[in-house]
Every structure is written in structure tokens, then in C-alpha cells.
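# Descriptive analysis of the structure
Listed here are the chains, written in short residue letters.
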Amino acid sequence: MFRRYGEHCIATFAPDEVRVLRKVATEVVGLLTDGFDHGDPVVDRLFPDIYPTNAEDSAEFRRFTEGDLKTGKIDAAGAILAALPSAAGGEVKLDEEAAEAWLRALNDARLAMGVRLDISSDTDLGEELDDAVLSDPSSSRVFQLSVYAYLGYLQESLLTALTE
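About the thresholds
Residues numbered from 1 in each chain as written. Predicted model: local features only at pLDDT ≥ 70, side-chain atom pairs only at ≥ 80, totals over all residues. Heavy atoms only, no water. Axes fitted to C-alpha atoms, helices over the stretch in contact; angles between N-to-C directions. Helix = DSSP H or I, 4+ residues; strand = E, 2+ residues; numbered from the N terminus. Parallel < 35°, antiparallel > 145°, perpendicular 65-115°, else oblique. Left-handed = near helix turned anticlockwise from the far one by under 90°. Contact = heavy atoms within 4.5 Å. Nonpolar A, V, L, I, M, F, W, Y, C, P; charged D, E, K, R; others polar. Phe/Tyr/Trp six-rings, centres within 6.5 Å; stacked < 30°, edge-to-face > 60°. Buried < 20%, exposed > 50% of the residue type's maximum accessible area, 1.4 Å probe, protein only. Lys NZ or Arg CZ within 6 Å of the ring centre and 35° of its normal. Core = buried A, V, L, I, M, F, W, Y, C linked by side-chain atoms within 4.5 Å. Pairing = 2+ DSSP bridges.

As annotated in an unreviewed UniProt entry, the chain is DUF2017 domain-containing protein from Asanoa iriomotensis.

Here you go:
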């Protein structure tokens, strides 16, 4: 998907890919703004306790860092939204800074989806997707697992292009 061309990472996106990426990035922004809730396991995953055994120290650390971390995550998702072509699809050309923002945003999106889909480091994504297809090929879970897998592919592709 992404390829290196001089100082840029370039990829061409079909209209469906643009719609999915726009929706995912918009949902991340929504989660971090209007839907920001420390009781949400996704928020806990995106902003883990730095001192898991000491709630008071974690709260103090969060008080000083959370705003900047949240702004950085929103800006990274915004970098995806800003670089995406029109709904008709087309080319995305990222310099190193934009590519790194995309990597951060893709990572945040995958972390969030992973929590919602109950995916862990032990999950065999291919097996999980096969089971979901066998259970109900038209289910939202099949689509969500497919998007999760696609974001991983996109992330890997961009990282490879960035490091070439």
C-alpha cells in the first residue's frame, strides 16, 4: 500500500478505504473529546495508569500530562483527516512528520478497537475472523475485525515505507 518516494510515503486509497479511515479517525476524535470518560475501558487503554499500584500518584501524573497527551492524540487523528483525499479516493502523500502522526493515530485506533472487540496479544486474528464469518458473515463483528486487520496492514505498510 504505502511506498517510499524520495522524502515522502505515498499510497492510493479507494473510496471505501477513504470512508473507513475517515470514520475511524472521526470516532477517535469523538472518543477523546465529547465521549471522554475515565470509566470507559478504551480511555483506560489509551491513557493507562503510569503507577498501577498507586492510584494517588497515577492521578497526580495524569493531572499534569493528560491534556497534552489527549491533544497529541486528537492532532494525530486530525492528520489522517487532513491528508485523506475526497470521498472519490485518490493519493495520500505524507512527509516524515505526517507519516509518524498517522502511525500514532493508527495505533490509537487499533488499541481502541482491540478493547471493543476483546482482542488481546494472544488473539489469533485470522482465526477470530474465520469464526465470526462462520457464525454470521454479515455481522458487524466481521466488518469490525476486517477494519482492525486493515488498520494493522496499513500501519505495517506505512512503517515499512517510512524506514526504507
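Packing of helix α1 (residues 15-32) against helix α3 (residues 55-83) leaves a shortest axis separation of 9 Å and a crossing angle of 160°. Considering their axes alone, α1 and α3 lie roughly antiparallel with respect to each other. Crossing of α1 against α3: the hand is left-handed. Residues L21, R22, A25, T26, V28, V29 and L32 of α1 form the contact with α3, whose participating residues are K70, K73, I74, A77, I80 and L81. For the contact of α1 with α3, a count of residues per class yields 9 nonpolar, 1 polar and 3 charged.

Here the focus is the packing of aromatic side chains. All told, the structure shown has 5 aromatic pairs when counted by the stated rule. Both rings, one in F2 and one in F13, keep their centres 6.0 Å apart while their planes meet at 70°; by these two values the pair is edge-to-face. In this pair, F2 is assigned in the segment before β1 (3-5) and F13 in strand β2 (residues 8-13), connecting sequence segments 11 residues apart. Centroid distance F13 to W102: 6.1 Å. Interplanar angle 35°. Geometry classified as tilted. Highlighted residues: F13 in strand β2 and W102 in helix α4 (residues 96-117), separated in sequence by 89 residues. Each member of the pair, F13 as well as W102, is classed as buried. An aromatic cluster is defined as three or more aromatic residues linked by ring pairs; in this entry it consists of F2, F13 and W102. We note K70 situated over the ring of F36; from NZ or CZ to the ring centre the distance is 3.9 Å. For K73, the ring lying beneath its charged end belongs to F47, and the centroid distance is 5.5 Å.

One recurring pattern in soluble globular proteins is that nonpolar side chains are buried together. Counting residues in hydrophobic clusters, the biggest one holds 44 residues, and the most contacted among them are F2, F13, L21, W102, L151, L154 and L158. Residue contributions to this core peak at 10 residues, all from helix α6 (residues 140-163).

If you trace the 3 strands from one edge of the open sheet to the other, you get β1-β2-β3, paired in antiparallel fashion. The open sheet has two edge strands, β1 and β3 (90-94), and neither has a second partner. Here the average twist between neighbouring strands, direction ignored, is 35°. With 5 bridges joining them, β2 and β3 adopt antiparallel strand pairing. From the neighbouring strand, A11 faces β3, where its bridge partner is V92.

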